[in-house]
Amino acid sequence: MNHRVTDPLGNIGTDGVSYASGDDYGYFDDGGNDIYATMVLARWTGVTNELPAMAYPSTYGIKPAASYDNQYAYANDSLHLENSYWISMSDPEAIKANIINCGSAATSIHYDDIYVNTATGKKGAFYYNGTGSYTNNHAISIVGWNNNYPKTNFLTQPAGNGAWLVKNSYGTSEGDAGYLWISYYDYGITGTRDGDGDGNPDGNTAVFYDMASSTNYTNNYQYDGGVGTDYYQYTDGTASMANVFTAKGFENLGAVSFYTYDTNVGYTAKIYKLNANPTGPTDGTLMTTKTGTQLYEGYHTVKLDSPVTLSSGEKFSVVIDLVASGTDYAYVAIDYSGSLFSLQTYPYSYATCNAGESYRSGDGTNWSQSSYNCRIKAFTTQATGVNVGYRTHVQNVGWQSYVYNGATSGTAGQSLRLEGINVSLSSSVAGGIRYRTHVQNIGWQDWVNDGALSGTSAQSLRLEAIQIELTGTVASTYDVYYRVQAQDYGWLGWTKNGACAGTAGQGKRLEAIQIMVVPKGQAGPTPQYYSYVEY
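Residues numbered from 1 in each chain as written. Predicted model: local features only at pLDDT ≥ 70, side-chain atom pairs only at ≥ 80, totals over all residues. Heavy atoms only, no water.

Engineer: Quick question: what am I supposed to make of the overall build of the chain here?
Structural biologist: Check the secondary structure of the chain and you find 4 helices and 39 strands. Burial status across the chain gives 50% buried among its 535 residues. Long-range pairs, those at least 24 residues apart, make up 72% of the contacts in the chain with a sequence separation of at least 6. When the accessible surface of the chain is split by element, carbon and sulfur atoms take 45% of a total near 23400 Å². (Helix = DSSP H or I, 4+ residues; strand = E, 2+ residues; numbered from the N terminus. Buried < 20%, exposed > 50% of the residue type's maximum accessible area, 1.4 Å probe, protein only. Contact = heavy atoms within 4.5 Å. Areas by Shrake-Rupley, 256 points an atom, 1.4 Å probe, with all protein chains shown as cover.)

If you want it as structure tokens, here you go:
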């Protein structure tokens, strides 16, 4: 939590946790927090195989190094966190079910040796009966249970039988070879004690970590690098949150993640490809949706039914609509800046939010920019193949948004001329794309490459024809096809690989264009004739 690691995508910035100047080891004295740990693991930092340099010294009071090599984070994590379920200890059946499904549960107790039975046949029986004003002070892992564990095994008898099997951290000399049997009625584990004196039971939570292979995704798009646990609360039971990202490469978006701060929360995850200079997180094309219900409070990864292919530089948004259960409030989880513990300045969680990154809404329609980043992440893998994107500058309209792989850029039935064009190629094969246009009063312009402007802007000159071709290795394995809609002709035929499309010597405007890339040997679009008219 306390070691800043540079985000390879550059989205987190300087977010993280800081201690007072010169206090390199303060965090070793603060104990653990599984909610903070969830947020650290979710950003792909913290899970690695234990190395000699990381081992905690066996001599009490000697602390390990204050920082570790950044190479153990992100793509080099040993595992990636997919889900973290935060379940109240007042729901023992849910905890038992998740021990079976996910493994051990992390939780806490009020520990003191005086409550541990050391008698033969009863070793490790532990029951704190709530005497004294004590809060929980020790982390343990629940690994099993026995509904019939005898209450007579405890030094002070609880109200009934039953106990959790707990793995302790004090070595095999403590308890029953390192394990404890903690009564179902233990005041610390159930959280029924008002140890902090606020007039309410302290409560207690079991936290499950559902891990996956570190090769499941390549990139983690995220802004929430701190561990602040604040939220925006919506009283009518519905809320929406969104993050806007810019793709760093040719990628497939396969999953998203978010937090819920209540149980039985309905969700709809939406992915948008955004227009140029979007006015909000839904200003674009909706690509896919995924709907479900999250039973538990915590952190959740949702896999999309089909991936969304992204091109380098393309803006996209992840929108999460939330519906609370019954009459409950809806909560938008955010990463805030502030002290992590009351009545003290440090440790302090730093979080920055830039304009255009995060949005929130009470109805999913009227959006406002969030002052703090929403806790939403997007997970991608490197795409394979070739993806062509293009946009046109249209008379009276200006630059349209990018479209891809055969979609139409321009207009139909409006008699509006194309004035400029950008074409870009995202490819797992080396190479690029180049193109040139025939412009009113100018003629054929020079070739330009990979996203550069061909044509004019703010000169009111029409495009009349175009040539497009692939370059480099990709040209030997793919063909580029294209066709144009020309004034008075409508759609002309498809052509490919540098041939002319449009008209010459007629003063006819281009009104729309379609471009696609097809592997060599595969059938291209038809018809492939009458693509260029020249007098």
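Engineer: What am I meant to see in empty space enclosed by the protein here?
Structural biologist: Sizing a probe to match a water molecule and rolling it over the atoms shows the empty space that remains. Taken as a whole and judged by the stated rule, the model has 3 cavities of 30 Å³ or more. Its boundaries defined by the atoms lining it, the largest cavity holds a volume of some 50 Å³. Taken together, the residues that form the lining of the largest cavity break down as 7 nonpolar, 1 polar and 1 charged. The volume enclosed by the second largest cavity comes to roughly 40 Å³. Forming the walls of the second largest cavity are Trp-44, His-80, Leu-81, Glu-82, Asn-216, Tyr-217, Thr-301 and Phe-379. In terms of residue count, the dominant contributor to the lining of the second largest cavity is strand 2 (residues 79-88) (3 residues). Taken together, the residues of the lining of the second largest cavity sort by class into 4 nonpolar, 3 polar and 1 charged. (1 Å grid on protein atoms, 1.4 Å probe; cavity = no way out; pocket = protein on both sides within 12 Å on 5 of 7 lines; lining within 4 Å. Points joined across faces, edges and corners; volume = space filled by probe spheres on them. Nonpolar A, V, L, I, M, F, W, Y, C, P; charged D, E, K, R; others polar.)

Engineer: Quick question: what am I supposed to make of the side chain of His-138 here?
Structural biologist: Tracing the sequence through the fold places His-138 in strand 5 (residues 138-146). For His-138, a relative accessible area of 10% corresponds to the buried category. A polar atom in the side chain of His-138 sits 2.6 Å from the side chain of Asn-168. Not counting chain neighbours up to four residues away, the residues in contact with His-138 comprise Thr-107, Ser-108, Ile-109, Tyr-111, Asn-168, Ser-169 and Tyr-170. (Polar contact = N/O pair within 3.5 Å; in protein donor to acceptor, adjacent residues only side chain to side chain.)

Engineer: How should the nonpolar core be read in this particular structure?
Structural biologist: By size, the foremost hydrophobic cluster in this structure holds 32 residues, and its most contacted members are Ile-468 and Ile-515. When contributions to this core are tallied by element, the ones reaching two or more residues are strand 24 (386-394), strand 28 (418-427), strand 29 (432-439), strand 33 (463-471), strand 34 (478-486) and strand 38 (510-519). Here the element with the most residues in this core is strand 34; it accounts for 5 residues. Residues contacting Ile-515, with those up to four places away along its chain left out, are Val-388, Tyr-390, Asn-405, Gly-406, Val-423, Ile-468, Val-480, Tyr-481 and Tyr-482. In terms of nonpolar packing, the next biggest core, distinct from the first, is built from 31 residues, Ala-239, Met-241, Leu-304 and Ile-376 among them. (Core = buried A, V, L, I, M, F, W, Y, C linked by side-chain atoms within 4.5 Å.)

Engineer: Would you explain unusual backbone geometry in this entry?
Structural biologist: Working note: non-glycine residues mostly have negative phi, and peptide bonds are mostly trans. Look at Ala-177: it is not a glycine, yet its phi comes out positive at around 55°. Topologically, Ala-177 is positioned in the loop between strand 6 (163-167) and strand 7 (179-183).

Engineer: Is there a simple way to explain the packing of aromatic side chains in this structure?
Structural biologist: The geometry of an aromatic ring pair is captured by two quantities: the separation of the ring centres and the angle between the planes. Within this structure, the stated rule accounts for 23 aromatic pairs. Pairing Tyr-149 with Trp-181 gives two aromatic rings, centres 4.9 Å apart and planes at 15°, and the pair type is stacked. With Tyr-149 in the loop between strand 5 and strand 6 and Trp-181 in strand 7, this residue pair connects regions lying 32 residues apart in the sequence. Its relative accessible area of 18% is what places Trp-181 among the buried residues. (Phe/Tyr/Trp six-rings, centres within 6.5 Å; stacked < 30°, edge-to-face > 60°.)

Engineer: Would you explain the environment of Arg-434 in this entry?
Structural biologist: Of note, Arg-434 is situated in strand 29. Classification of Arg-434 as partly exposed rests on a relative accessible area of 26%. For Arg-434 and Ser-424, which are 10 residues apart along the polypeptide, the C-alpha to C-alpha distance reads 8.5 Å. Side chain to side chain, Arg-434 and Glu-469 meet in a polar contact 2.5 Å long.

Engineer: Just checking my understanding: could you explain the pattern of salt bridges for this structure?
Structural biologist: Pairing is possible between side chains that carry opposite charge, provided their charged atoms lie close to one another. Taken as a whole and judged by the stated rule, the model has 13 salt bridges. Residue Glu-314 is joined to Lys-273 by a salt bridge in which the shortest nitrogen-to-oxygen separation is 3.5 Å. With Glu-314 in the loop between strand 15 (297-310) and strand 16 (315-323) and Lys-273 in strand 13 (residues 265-274), this residue pair connects regions lying 41 residues apart in the sequence. The two residues Glu-314 and Lys-273 agree in class, both being buried. Close ionic contact of Arg-509 with Glu-511 constitutes a salt bridge, the shortest N to O distance being 2.8 Å. As far as burial versus exposure is concerned, Arg-509 and Glu-511 are alike and both buried. Put simply, Asp-224, Asp-335, Arg-375 and Lys-377 are held in one network by salt bridges that share partners. (Salt bridge = Lys/Arg side-chain N within 4 Å of Asp/Glu carboxyl O.)

Engineer: Can you walk me through the sheet that holds strand 13 in this structure?
Structural biologist: Within a sheet, each strand pairs with its neighbour through backbone hydrogen bonds, oriented either parallel or antiparallel. Judged by pairing direction, the sheet is antiparallel, and its 6 strands sit side by side in the order 14-13-16-11-20-21 without closing on themselves. Taken across any chain shown, the strands that pair with only one partner, and hence form the sheet edges, are strand 14 (284-294) and strand 21 (368-369). The pairing of strand 11 (residues 238-246) with strand 20 (residues 358-361) spans 4 bridges and is antiparallel. Among the inter-strand pairings, Ser-240 is bridged to a residue of strand 20, identified as Ser-361. (Pairing = 2+ DSSP bridges.)

Take it as geometry only, folks, not as evidence of what the structure does.
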